[in-house]
Amino acid sequence: MSMYGRDPWGGPLEIHATDSATDDDRSRNLGDFDRAALSRNLDETQQSWLLGPTEQKKKKYVDLGCIIVSRKIFKWTVGSILAAALLAGFITMIVKLAPRHKHHNPPPDNYTVALHKALMFFNAQKSGKLPKHNNVSWRGNSCLQDGKSDDSTMFKNLVGGYYDAGDAIKFNFPQSFALTMLSWSVIEYSAKYEAAGELTHVKDIIKWGTDYLLKTFNSSADTIDRIAAQVGKGDTSGGSTDPNDHYCWVRPEDIDYDRPVTECHGCSDLAAEMAAALASASIVFKDNKAYSQKLAHGAKTLFKFSRDQRGRYSVGNEAETFYNSTGYWDEFIWGAAWLYYATGNSSYLQLATTPGLAKHAGAFWGGPDYGVLSWDNKLTGAQVLLSRMRLFLSPGYPYEEILKTFHNQTSIIMCSYLPIFTSFNRTKGGLIQLNHGRPQPLQYVVNAAFLATLFSDYLEAADTPGWYCGPNFYSTAVLRRFAETQIDYILGKNPRKMSYVVGFGNHYPKRVHHRGASIPKNKVKYNCKGGWKWRDSSKANPNIIVGAMVAGPDKHDGFHDVRSNYNYTEPTLAGNAGLVAALVALSGDRDIGVDKNTIFSAVPPMFPTPPPPPAPWKP
């Protein structure tokens, strides 16, 4: 191939290539020209006529083997590549040497911050031999003789569990309710606990309580005839000066007086509540099969006892003063619902949906405390819990009628929480008065905030944008807003600008009604009356009981930070459990809703039974 290429019309580009004359012929022909003409100096034009076209300058090429390219193009290409490489290296060096700004996760919201603190309260309430990493520096081992010091009881090992409030009594009734509420919150919002880094912690808190409850009855038996209802004594009526957990103001670690055990043989409410606690916890610990089964078995034993030996646990003993139960029908529905979820045994569901139980529990007549979930009244919680089944499983006949009733009643209760309705008054600062102005309101408020958030999450998970209050439709956001306003009030958005959760914010109660927090850990053991100086002191507690939600303000938004007035400053297990549940429900990412399926893990597939045929026609 010619290096000059080819003419597009089919010939070589060299003009003289077609001339057939030889060099000798050309020489002879020159002799015919005029010599005189040749001797004259020729101008450039004439020279060009004679010389013909000048020879083109040859281009230089580079042979790359598979292709031949111009050396100039080759140099430009290689140069460009080298320049680009140098530039890229320079930019990379600048990026590596430049100071880096780390992308931090956004700061946790107030609900998450408060959640961390609220869980710490349970660490401060632990009785018995404490774990190594309890993280409450002023607490230590206490009451290691519980059960052993009382010859009248068959339960000799009642070490462990939780002190109820600012004293050292272990009341199984509110303690069991607290554990049920914590378990419910874990089952629904385990992903939020995980995101907050508190899942392991809250499960440890639950297990500390359930381990203790398993000691309060014969948990390996199928049938029992008694349970331990209470450890410790607090009756000071009649001017009694006998050392006990209310008369004495001492740290739990310094208790040296006898702590009696109260047994009960007919206590349906207590046994059914304990059954609910163990059944719900068995779902929490379903990955630990042996422990989960142990809890479920204990729950079944307790529930059988509650049905066989009827009675209210608080009749005729001091619990009537402190935690009086008004009935056990609500605990029957509550306990049966949790046992159904834990075991999948339909006999429990049949019982929970029996209209007669609902009637006795007050589901159809209302009353001043209708719609208020508390350690005494579980009906509202049971209605929400069973509405969940209707929303997600739709079991149909024969359960549909009562489940629909519970669902409608739940909707009405949610309406009653909204400010536009007048079922409950509100303080000027906006706190709902679920206990109608009586003392210690916050424990009821946090339970309502939890149920409102939970029900709104149920509706969203069921692709339902809201619910009806009469002819008016309200979005789920309205329910959540109610819960937020109430919890925000508790965390400091109130007329006093005070947080009612100890350790949250800068302004919170400093004189909490709590023996352990009010007495310094100074290696001095104060006797029963010796601690009174700390009870009556106006100084702030030497120990901060982080996360404790106090009883709360009065109906005028007023609050007195006085240690001796427990109606303002005493925290409780039941109150803090509701707080934890509400906080985790509101915390974190709004896109993380409820766990739709875990609670149904043991529930078998449902195939609705067809309703019975109509009666034959009679003429």
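See the structure shown above.
Structure report, in brief. (Residues numbered from 1 in each chain as written. Predicted model: local features only at pLDDT ≥ 70, side-chain atom pairs only at ≥ 80, totals over all residues. Heavy atoms only, no water.)

## What to know about helix α9 (residues 289–308)
Alright, step 1. The first and last C-alpha atoms of α9 sit 29 Å apart over 20 residues, in line with the 28 Å expected at 1.5 Å per residue.
Alright, step 2. Within α9, the full set of buried residues consists of Tyr 291, Ser 292, Leu 295, Ala 296, Gly 298, Ala 299, Thr 301, Leu 302, Phe 303, Phe 305 and Ser 306.
Alright, step 3. Those residues of α9 that are buried lie in contact with α7 (199–213), β4 (227–231), β5 (261–264), α8 (268–284), α11 (329–343) and α12 (346–352). (Helix = DSSP H or I, 4+ residues; strand = E, 2+ residues; numbered from the N terminus. Expected span 1.5 Å × (residues − 1). Buried < 20%, exposed > 50% of the residue type's maximum accessible area, 1.4 Å probe, protein only. Contact = heavy atoms within 4.5 Å.)

## Considering the pairing of β4
Alright, step 1. With 5 of 5 residues buried, β4 is to be regarded as a mostly interior element.
Alright, step 2. Judged from the 2 bridges that link them, strand β3 (residues 170–171) and β4 form a sheet pairing that is antiparallel. Each bridged residue has a counterpart across the sheet, and for Lys 170 the counterpart in β4 is Val 231. (Pairing = 2+ DSSP bridges.)

## A look at the state of the cysteines
Alright, step 1. Using the criterion set out here, one finds 3 disulfides in the structure.
Alright, step 2. Two residues, Cys 248 and Cys 528, share a disulfide whose sulfurs are 1.8 Å apart. One disulfide, between Cys 248 and Cys 528, carries an S-S torsion of -95 degrees and so falls in the left-handed class. You can see Cys 248 sitting in the loop between β4 and β5 and its partner Cys 528 sitting in the loop between α18 (515–518) and α19 (532–535), a full 280 residues away along the chain.
Alright, step 3. Look at Cys 248 and you get buried, because its relative accessible area is 1%.
Alright, step 4. Cys 528 sits in the buried class, given a relative accessible area of 17%. (Disulfide = S-S within 2.5 Å.)

## Structural notes on the packing of aromatic side chains
Alright, step 1. In this structure the tally under the stated criterion is 29 aromatic pairs.
Alright, step 2. Centroid distance Trp 184 to Trp 334: 5.7 Å. Interplanar angle 65 degrees. Geometry classified as edge-to-face. You can see Trp 184 sitting in helix α6 (residues 172–196) and its partner Trp 334 sitting in helix α11, a full 150 residues away along the chain.
Alright, step 3. Looking at Trp 334, the relative accessible area reads 0%, which means it is buried.
Alright, step 4. The ring of Phe 332 is capped by Arg 307, whose NZ or CZ atom sits 4.7 Å from the centre of that ring.
Alright, step 5. The cationic tip of Lys 510 hangs over the ring face of Tyr 508; the distance from NZ or CZ to the ring centre is 4.1 Å. (Phe/Tyr/Trp six-rings, centres within 6.5 Å; stacked < 30°, edge-to-face > 60°. Lys NZ or Arg CZ within 6 Å of the ring centre and 35° of its normal.)

## Thoughts on the side chain of Gln 443
Alright, step 1. Of note, Gln 443 is situated in helix α16 (residues 442–461).
Alright, step 2. If near-sequence neighbours (up to four positions away) are discounted, Gln 443 is found in contact with Trp 375, Met 549 and Gly 575.

## Section: the packing of α16 against helix α17 (residues 476–490)
Two packed helices can be described by the angle between their axes and the distance between those axes.
Alright, step 1. Two elements in contact, α16 and α17, have axes separated by 8 Å at closest approach and are oriented at 155 degrees. Of the possible angle classes, the one that applies to α16 and α17 is roughly antiparallel. Every pair of crossing elements has a handedness; the one defined by α16 and α17 is left-handed. Within the contact between the two elements, α16 uses Leu 442, Val 445, Val 446, Ala 448, Ala 449, Ala 452, Thr 453, Phe 455, Ser 456, Asp 457, Leu 459 and Glu 460 and α17 uses Thr 476, Leu 479, Arg 480, Phe 482, Ala 483, Gln 486, Ile 487 and Ile 490.
Alright, step 2. For the contact of α16 with α17, a count of residues per class yields 13 nonpolar, 4 polar and 3 charged. (Axes fitted to C-alpha atoms, helices over the stretch in contact; angles between N-to-C directions. Parallel < 35°, antiparallel > 145°, perpendicular 65-115°, else oblique. Left-handed = near helix turned anticlockwise from the far one by under 90°. Nonpolar A, V, L, I, M, F, W, Y, C, P; charged D, E, K, R; others polar.)

## Quick word on the nonpolar core
Alright, step 1. Counting 165 residues, the largest nonpolar core has Trp 184, Ile 227, Trp 338, Tyr 341, Tyr 417, Phe 450 and Ile 487 as the members making the most contacts within it.
Alright, step 2. Sorting elements by how many residues they give to this core places α16 first, with 13 residues.
Alright, step 3. Those residues in contact with Ile 227 that sit more than four places away from it in its chain are Phe 155, Thr 216, Phe 217, Thr 262, Glu 263, Cys 264, Cys 267, Leu 270, Ala 271, Met 274, Leu 302 and Phe 305.
Alright, step 4. Counting residues in hydrophobic clusters, the runner-up holds 9 residues, among them Ala 168, Cys 248, Val 250 and Ile 255. (Core = buried A, V, L, I, M, F, W, Y, C linked by side-chain atoms within 4.5 Å.)

## Re the environment of Pro 419
Alright, step 1. Tracing the backbone through its elements, the reader meets Pro 419 in the loop between α15 (400–416) and α16.
Alright, step 2. The class for Pro 419 is exposed, based on a relative accessible area of 60%.
Alright, step 3. Along the primary structure Pro 419 and Gly 430 are separated by 11 residues, whereas in three dimensions their C-alpha atoms are 9.0 Å apart.

## Regarding unusual backbone geometry
Alright, step 1. Cis rather than trans, the peptide bond between Tyr 397 and Pro 398 has omega equal to 5 degrees.
Alright, step 2. Of note, Pro 398 is situated in the loop between α14 (379–392) and α15.
Alright, step 3. Its identity is not glycine, yet Gln 440 carries a phi of approximately 60 degrees, on the positive side.
Alright, step 4. With respect to the helices and strands, Gln 440 occurs in the loop between α15 and α16.
Alright, step 5. For Gln 440, a relative accessible area of 23% puts it in the partly exposed group.
Alright, step 6. Phi at Asp 557 takes a positive value of approximately 70 degrees, unusual for a residue other than glycine.
Alright, step 7. Summarising the element assignment, Asp 557 is placed in the loop between α19 and α20 (566–569).

## Here's the deal with the sheet that holds β4
Alright, step 1. Read from one edge of the open sheet, 3 strands run β3-β4-β5, paired in antiparallel fashion. Strands at the two margins of the open sheet, each flanked by one partner only, are β3 and β5.

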